Amino acid sequence: MNKIIAWLNHSLFRRLMISFLTIFILGIGLIGLQISISTTDYLTTQQRHDMLRQARNINSSIIENSEVTSELLQTIEKLGSFSSYNIWLIDTGGRIVAASTMQDEFVGEIMSDSLMEDLLNGRNSIQIMEIDEEERPMLSVAVPWTSEGIIHGGIILHSPIAGIKSTVRNIREIVLWSILGGLLIVSILVSYLSWTISKPLRKVEEAANEIALGNYSKRVNHHLPDEVGALVQSFNRMAAKLNEIEKQRDSTEQRRKDFIANISHELRTPLTAMKGFLEVLQEGFVKDPKLQQKYYNIMFRETEYLNQLVDDLMDLIKLEQKEISMHLKKVDIAEIIKVVSLQLNPTFIKRNNKLQSFTLEPLPYIIGDSLRIEQILTNIIHNANKFTSNGTITVKTKVQNDCLCVIVTDTGIGIPSHDLDRIWDRFFKVDRDRTKNGRGTGLGLAIVKELVKLHKGNIHVESKLGQGSTFTISFPIYNYDTLYNS
């Protein structure tokens with residue numbers, strides 16, 4: 001039994017075929033059996049009723065005869081020729097006294113006592129008899145032979161039930177041929193059904209094996225809108241998601257490697273410089289106090305750069321991991337621009353730049369964290385100043401498409417077009433030779449972009465090499481109550 005179950009479980013086609021064939025055979029077989037039984041009962045009942053009717057008609061035809069005469073025998077024989085049944089006439093003693101056919105050998109035989117008891121009591125009798133000489137079952141109907149209320153014996157009609165059995169046999173043959181034809185049709189349908197199910201499943205299995213080997217681009221083609229189609233679509237979505245996750249993992253791994261390489265480079269330069277100066281000072285090679293102070297100042301600036309690098313890294317990591325807490329409130333952009341301008345004014349004077357500010361009055365409030373917005377504007381305006389010399393930095397504001405826009409334009413050295421999309425990357429610097437104009441960590445714009453995203457805003461840059469750059473920052477104008485209730 002276990003081997004049979006294992007054999008069935010090994011193939012979906014086998015399970016479907018055996019299941020459908022079993023259901024079909026049992027169903028058609030039970031229907032055929034029911035039809036056979038019902039047909040036999042129906043035909044037997046109809047024939048019995050017909051025989052009873054004809055027996056009564058025969059009794060009516062011989063009602064004037066109370067004794068067996070030659071005239072009566074001729075009448076019985078004549079009635080038998082017109083009837084499809086054999087007719088026997090019996091007397092009150094149960095003896096056969098006349099027959100409708102040439103079955104004279106039965107004349108004089110005695111019928112059973114139970115039959116005579118029914119007839120003499122005026123009851124009809126229906127039973128299956130076997131005539132010894134013919135050795136075949138007969139359906140027999142017996143009615144009393146009466147005239148003027150007096151019972152003279154009985155009238156028996158015989159009909160072979162072979163006709164009924166032949167009809168039922170034909171029905172069974174039809175059912176059998178139907179089963180055989182149905183088995184062929186079911187086999188074809190099950191084969192097709194199994195193929196439509198197993199083929200895409202095999203494709204899914206093959207694709208799953210490919211994905212297990214790392215081929216996340218593998219997909220399964222199946223366009224039928226059925227359950228298997230839904231499974232295939234789910235599988236393809238899973239494969240696409242795995243492919244996306246794998247790409248993200250590769251990207252993350254590459255970013256991690258780039259991050260390690262960049263941070264190593266950024267740390268190596270100041271640490272190497274500090275180590276060199278410390279070795280010179282430690283060995284006592286520099287005796288001049290002014291030169292010593294110069295070395296101390298350089299090491300102090302390098303220490304400040306390292307501190308700024310660490311602070312920027314921590315800010316960027318917190319921003320990317322959504323760990324920055326926002327203190328939302330109404331923010332006046334014009335006031336923040338004034339504060340930033342005053343803070344950066346010494347650096348503008350140092351680089352001989354001029355800062356111009358044009359703000360609309362009155363500006364609509366936006367909802368945000370004022371310190372973070374100040375950090376955004378400080379970074380952008382400071383960058384504009386750092387890469388501009390003897391030029392002008394202009395800050396403008398405008399309202400456009402339900403957003404408050406801050407536009408910072410400089411007349412500096414500009415950004416090459418092929419670097420415009422990369423300036424938001426961590427540690428990316430357009431031209432490292434420009435560090436003489438001011439040391440930077442390469443994280444400022446990456447932090448700015450994350451802070452703008454945190455405020456549901458947008459930032460983009462336009463630049464021409466040698467002519468300057470324009471940064472446009474857009475902050476959505478929210479309803480204060482709506483934002484806080486959302």
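For the structure, see preceding data.
Residues numbered from 1 in each chain as written. Predicted model: local features only at pLDDT ≥ 70, side-chain atom pairs only at ≥ 80, totals over all residues. Heavy atoms only, no water.

> Kindly report on the overall build of the protein chain, identifying the contributing residues and their values.
A tally of regular secondary structure across the protein chain gives 11 helices and 12 strands. Burial status across the protein chain gives 37% buried among its 486 residues. Surface summary for the protein chain: the accessible area is close to 29400 Å², and the carbon and sulfur share equals 55%. (Helix = DSSP H or I, 4+ residues; strand = E, 2+ residues; numbered from the N terminus. Buried < 20%, exposed > 50% of the residue type's maximum accessible area, 1.4 Å probe, protein only. Areas by Shrake-Rupley, 256 points an atom, 1.4 Å probe, with all protein chains shown as cover.)

> Before we move on, could you go through the nonpolar core and cite the residues and values that matter?
Within the largest apolar cluster, 42 residues are counted, with the highest numbers of intra-cluster contacts made by Ile333 and Phe471. When residues of this core are traced back to their parent elements, those giving at least two are helix 7 (289–320), helix 8 (333–350), helix 9 (370–386), strand 9 (392–400), strand 10 (403–410), helix 10 (444–454), strand 11 (458–464) and strand 12 (468–476). With 7 residues, helix 8 is the largest single contributor of residues to this core. Not counting residues within four places of it along the chain, the set of residues in contact with Phe471 comprises Ile380, Val406, Ile407, Val408, Ile415, Ile423, Trp424, Leu445, Ile459, His460 and Val461. Membership of the second largest hydrophobic core comes to 19 residues, among which are Leu72, Tyr85, Val97 and Ile155. (Core = buried A, V, L, I, M, F, W, Y, C linked by side-chain atoms within 4.5 Å. Contact = heavy atoms within 4.5 Å.)

> Tell me what's going on with the sheet that holds strand 11, and back it up with residues and numbers.
Spatial ordering of the open sheet is given by 7-9-10-12-11, a layout of 5 strands whose pairing is mixed. A single partner strand is all that each edge strand has here, and the edge strands are strand 7 (354–358) and strand 11. Direction aside, the axes of adjacent strands within the sheet are offset by 15 degrees on average. Where strand 7 and strand 9 come together, 5 bridges link them in parallel fashion. Residue pairing in the sheet places Phe358 in a bridge with Lys396 of strand 9. Against the sheet, helix 9 engages strand 9, strand 10, strand 11 and strand 12, with an angle of about 170 degrees to strand 12. (Pairing = 2+ DSSP bridges. Axes fitted to C-alpha atoms, helices over the stretch in contact; angles between N-to-C directions.)

> Describe in detail helix 8, supporting the description with residues and values.
With 18 residues, helix 8 extends 26 Å from end C-alpha to end C-alpha; this agrees with the ideal 26 Å at 1.5 Å per step. Leu344 marks the point of greatest bend in helix 8, at about 50 degrees, and the proline Pro346 comes within the next four residues. Listing the buried residues of helix 8 in full gives Ile333, Ala334, Ile336, Ile337, Val340, Ser341, Leu344 and Phe348. Where helix 8 begins, the capping side chain belongs to Asp332, and its oxygen is found 3.2 Å from the backbone nitrogen of Ala334. Immediately downstream of helix 8, the backbone of Asn352 shows phi near 60 degrees, a positive value. (Expected span 1.5 Å × (residues − 1). Bend = angle between axes of the 7 residues up to and from the residue. Polar contact = N/O pair within 3.5 Å; in protein donor to acceptor, adjacent residues only side chain to side chain.)

> Go over the packing of helix 8 against helix 9, please, and point to the residues and values.
To describe two helices that pack against each other, one gives the angle between their axes and the distance between the axes. Axis separation between helix 8 and helix 9 bottoms out at 9 Å; the angle between their running directions is 40 degrees. Between helix 8 and helix 9, the crossing angle belongs to the class labelled oblique. Note that helix 8 runs across helix 9; the crossing there is right-handed. Residue-level contacts link Ile333, Ile336, Ile337, Val339, Val340, Gln343, Leu344, Thr347 and Phe348 of helix 8 to Ser370, Ile373, Glu374, Leu377, Thr378, Ile381, His382 and Asn385 of helix 9. Of the residues belonging to the contact of helix 8 with helix 9, the class tally is 10 nonpolar, 6 polar and 1 charged. (Parallel < 35°, antiparallel > 145°, perpendicular 65-115°, else oblique. Left-handed = near helix turned anticlockwise from the far one by under 90°. Nonpolar A, V, L, I, M, F, W, Y, C, P; charged D, E, K, R; others polar.)

> Break down a nonpolar patch on the surface for me, with residues and values.
A contiguous nonpolar patch, built from Leu176, Trp177 and Leu180 and spanning about 360 Å² of accessible area, is present on the exposed surface. Summarising the element assignment, Trp177 is placed in helix 5 (residues 162–212). With a relative accessible area of 62%, Trp177 lands in the exposed category. (Patch = residues over 30% accessible without salt bridge, like charges linked within 9 Å, V, L, I, M, F, W, Y side chains within 5 Å. Salt bridge = Lys/Arg side-chain N within 4 Å of Asp/Glu carboxyl O.)

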